[in-house]
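If you want the building blocks of each chain, they are given just below.
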Amino acid sequence: MDDTRVEAFADAAADGVDFDGIEAQVEDDSYTLSTADGTTAEGSVAALADVDPAVERYVTNWYFWHATAPQAEPRWAFLRWLEGADELSVPDRYDRLDGGVTTTWGELAVTVERDADGDRVYDLRHEADRGVDADDLDSYDDPVAARELAKHDDRDRYRPLKTAPTLHTGWVFPELDPAALVEAVHTFYPATVQNWYRERQGDLDVTHWHETTQRQTGIYGVVKTWDRGEGYEHVNWVAEACCDDSQCLKRREWEYDEETDLDVDGGDGEFPCREPCSVVITAARQWTKIESEQPRTYEFELTPSEKEQVEEIIDAVADGRVDDIREADIYDGANRYRARFLRAKLFDDEGNFDGVPTED
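Report on the accompanying structure. (Residues numbered from 1 in each chain as written. Predicted model: local features only at pLDDT ≥ 70, side-chain atom pairs only at ≥ 80, totals over all residues. Heavy atoms only, no water.)

### Some thoughts on helix α7 (residues 192-200)
Piece 1. Those residues of α7 that fall on the buried side of the exposure criterion are T192, V193, N195, W196 and Y197.
Piece 2. Close packing links the buried residues of α7 with α3 (73-82), β5 (101-105), α6 (178-188) and β11 (272-273). (Buried < 20%, exposed > 50% of the residue type's maximum accessible area, 1.4 Å probe, protein only. Helix = DSSP H or I, 4+ residues; strand = E, 2+ residues; numbered from the N terminus. Contact = heavy atoms within 4.5 Å.)

Written as structure tokens, this is what we have:
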């Protein structure tokens, strides 16, 4: 154990150390310590450098958490959570860290290992690339690079929602220190670590739908008109459309208002969503305008198979699986050729379904 760690531990032990299974005291250049597994030791401070390897694990672990890891509480708690520090003893953790411990955070896979000095090294990549050799991925070392990686999906389409399950694959940050790891995670998923920590502490402040919409102004002020004393079924539709696990990796914690829960599930994400996001409000603005229209009755003639095909097309688009339907799979109602046949049969030259014009 190097002198830096010995001196730092001895300085702290002068006031007493009680952390992660080790208790230590230094007085008059002599130390005494005990560990959770029953090991005890004493001697001169200089002899700390040659303590039993079982004790050295506790000392280097103390040094990492107090001298290397970020001391901001949310970041510190997140890093400890990644390696199960609150559930496992230091020896058990060190044994696991020797082989690498991988945890998922949204679509991120974070693998933490320890080096010979007890410091942690982090590998960050897309969860779809777990097990892929780092040499086969685009490698980065600056967490700022995450900003560009998060902008587009694998088809180079812009990602307006950072927590959508569409993160670009094929990259790796192979050797991040703890501060850089948390910074990269924050860049991929802004504020998720902080909100996760606040929720664990019981301090998560949630702004519900009604309160959020009532404070909208400008072009988004129209959303306020949607609350017309007609219940909150429309908010259920919004949450079902936007806040499902298939659309967003956050776990929705906001409801209609403080007293009224929505009827749809909030998802299973690790980190919470504390208020309707800008994507939800932008979509709700358009839906507000559409829902303000007066309903009309339209009459169409469809065969039973054609009705089912329309339903399959809507499902395929809503679930984002259109690109997964093979051209040869004509049994799928959303197949491109099936859809083109339906259009050829039922649309007139003006593009009206079944020749029925849309009334203004």
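### Some thoughts on empty space enclosed by the protein
Piece 1. Under the criterion given, the structure shown has one cavity of 30 Å³ or more.
Piece 2. In this model, the largest cavity occupies a volume close to 30 Å³.
Piece 3. Considering the residues around the largest cavity, the lining is formed by R75, V182, H186, V193 and Q194.
Piece 4. For the lining of the largest cavity, the elements supplying multiple residues, two or more each, are α6 and α7.
Piece 5. Residue composition of the lining of the largest cavity, by class: two nonpolar, two polar and one charged. (1 Å grid on protein atoms, 1.4 Å probe; cavity = no way out; pocket = protein on both sides within 12 Å on 5 of 7 lines; lining within 4 Å. Points joined across faces, edges and corners; volume = space filled by probe spheres on them. Nonpolar A, V, L, I, M, F, W, Y, C, P; charged D, E, K, R; others polar.)

### Description of the sheet that holds strand β3 (residues 30-35)
Either a parallel or an antiparallel arrangement is found when strands of a sheet pair, and the pairing is made through backbone hydrogen bonds.
Piece 1. Here four strands make up an open sheet; going across it, the order is β1-β2-β3-β4 and the pairing antiparallel. In this open sheet, the two strands that pair with only one neighbour each are β1 (17-19) and β4 (40-44). Geometrically, the sheet is characterised by an average inter-axis angle of 10° between neighbouring strands, direction not taken into account.
Piece 2. Looking at chain direction, β3 and β4 are connected through five bridges and run antiparallel. In the sheet register, Y31 faces β4, and the bridge partner there is G43.
Piece 3. Against the sheet, helix α2 (residues 53-68) engages β1, β2 (22-27) and β3, with an angle of about 85° to β1. (Pairing = 2+ DSSP bridges. Axes fitted to C-alpha atoms, helices over the stretch in contact; angles between N-to-C directions.)

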